[in-house]
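# Structure assessment
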Amino acid sequence: MYIQANIGRNVNDTPMTDERWDTFAGSVAFAIYANANDVTLDMLDIEIHNGTGSFEGISEDSRHISVYSEAGFDLDNLRDDLREIKGWFDQEAIALIVGSELI
């Protein structure tokens, strides 16, 4: 199963500090790691990619945090964890993409 979470840096139209932005991304990455069904998954397997996007017409830095694990994830718990993290960082949304096919 492939998991990808997309996050944005802004709170309203103001970017988070570098430290808070990194902590936000790290919290999302850890939530993904903690909800993996594969106990051999390593935090270093999780990829973090930087980009730029927009939310509600406002440009902002973005990151996508992703990993593939054959054993899958506890999706219900992951969604709960991401909802909690969203609140900690004053975000309106975290996008979660779930896939199961590698070609």
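This structure is a prediction, so every number in the text was calculated from the model and none was measured.

Turning next to the packing of helix 1 (residues 18-34) against helix 2 (residues 75-88). A pair of packed helices is captured by two measures, namely the crossing angle of their axes and the spacing between those axes. Helix 2 packs onto helix 1 with a crossing angle of 170 degrees between their chain directions and a minimal axis gap of 9 Å. Classified by the angle their axes make, helix 1 and helix 2 are roughly antiparallel. Residues Arg20, Phe24, Ser27, Val28, Ala31 and Ile32 of helix 1 form the contact with helix 2, whose participating residues are Leu78, Asp81, Leu82, Ile85 and Trp88. The class makeup of the residues in the contact of helix 1 with helix 2 is 8 nonpolar, 1 polar and 2 charged.

Once that is clear, we can look at helix 1. Taking 1.5 Å of rise per residue, the 17 residues of helix 1 would be expected to cover 24 Å, and the 24 Å separating its terminal C-alpha atoms lies within 8% of that figure. What helix 1 keeps buried is the set Trp21, Phe24, Ala25, Ser27, Val28, Ala29, Ala31 and Ile32.

Next up on the list: the pattern of salt bridges. For the coordinates displayed, the defined rule picks out 6 salt bridges. For arginine 9, the salt bridge is made with aspartate 61, and the minimal N-O distance between the two is 3.2 Å. With arginine 9 in the loop between strand 1 (2-8) and strand 2 (10-11) and aspartate 61 in strand 5 (residues 58-68), this residue pair connects regions lying 52 residues apart in the sequence. Looking at arginine 9, the relative accessible area reads 10%, which means it is buried. Take aspartate 61: its relative accessible area is 33%, and that puts it in the partly exposed class. In this structure, arginine 79 and aspartate 76 form a salt bridge, with 3.9 Å as the shortest nitrogen-oxygen distance. A residue pair is termed a helical-turn pair when its members lie 3 or 4 positions apart in one helix, as arginine 79 and aspartate 76 do in helix 2 at 3 residues.

Together, Phe30, Tyr33 and Met43 give the surface a local cluster of nonpolar side chains, amounting to about 270 Å² of exposed area. Its place among the elements puts methionine 43 in the loop between helix 1 and strand 4 (47-55). Residue methionine 43 is classed as partly exposed on the basis of its relative accessible area, which comes to 33%.

Counting residues in hydrophobic clusters, the biggest one holds 23 residues, and the most contacted among them are Phe24, Val28 and Ile32. Within the residue set of this core, elements represented by two or more residues are strand 1, helix 1, strand 5 and helix 2. Top contributing element to this core by residue count: helix 1, with 7 residues. Setting aside residues up to four positions removed in sequence, phenylalanine 24 forms contacts with Ile7, Gly8, Met16, Ile85, Phe89, Gln91 and Ile94.

Further remarks concern unusual backbone geometry. Of note, asparagine 12 is a non-glycine position whose phi angle comes to about 60 degrees, a positive value. Within the secondary structure layout, asparagine 12 lies in the loop between strand 2 and strand 3 (14-15). Overall, asparagine 12 belongs to the exposed group, its relative accessible area being 65%. One non-glycine residue, aspartate 90, lies in the positive phi region at around 55 degrees. Mapped onto the elements, aspartate 90 comes out in the loop between helix 2 and strand 6 (95-99).

Parameters at a glance
Residues numbered from 1 in each chain as written. Predicted model: local features only at pLDDT ≥ 70, side-chain atom pairs only at ≥ 80, totals over all residues. Heavy atoms only, no water. Axes fitted to C-alpha atoms, helices over the stretch in contact; angles between N-to-C directions. Helix = DSSP H or I, 4+ residues; strand = E, 2+ residues; numbered from the N terminus. Parallel < 35°, antiparallel > 145°, perpendicular 65-115°, else oblique. Contact = heavy atoms within 4.5 Å. Nonpolar A, V, L, I, M, F, W, Y, C, P; charged D, E, K, R; others polar. Expected span 1.5 Å × (residues − 1). Buried < 20%, exposed > 50% of the residue type's maximum accessible area, 1.4 Å probe, protein only. Salt bridge = Lys/Arg side-chain N within 4 Å of Asp/Glu carboxyl O. Patch = residues over 30% accessible without salt bridge, like charges linked within 9 Å, V, L, I, M, F, W, Y side chains within 5 Å. Areas by Shrake-Rupley, 256 points an atom, 1.4 Å probe, with all protein chains shown as cover. Core = buried A, V, L, I, M, F, W, Y, C linked by side-chain atoms within 4.5 Å.

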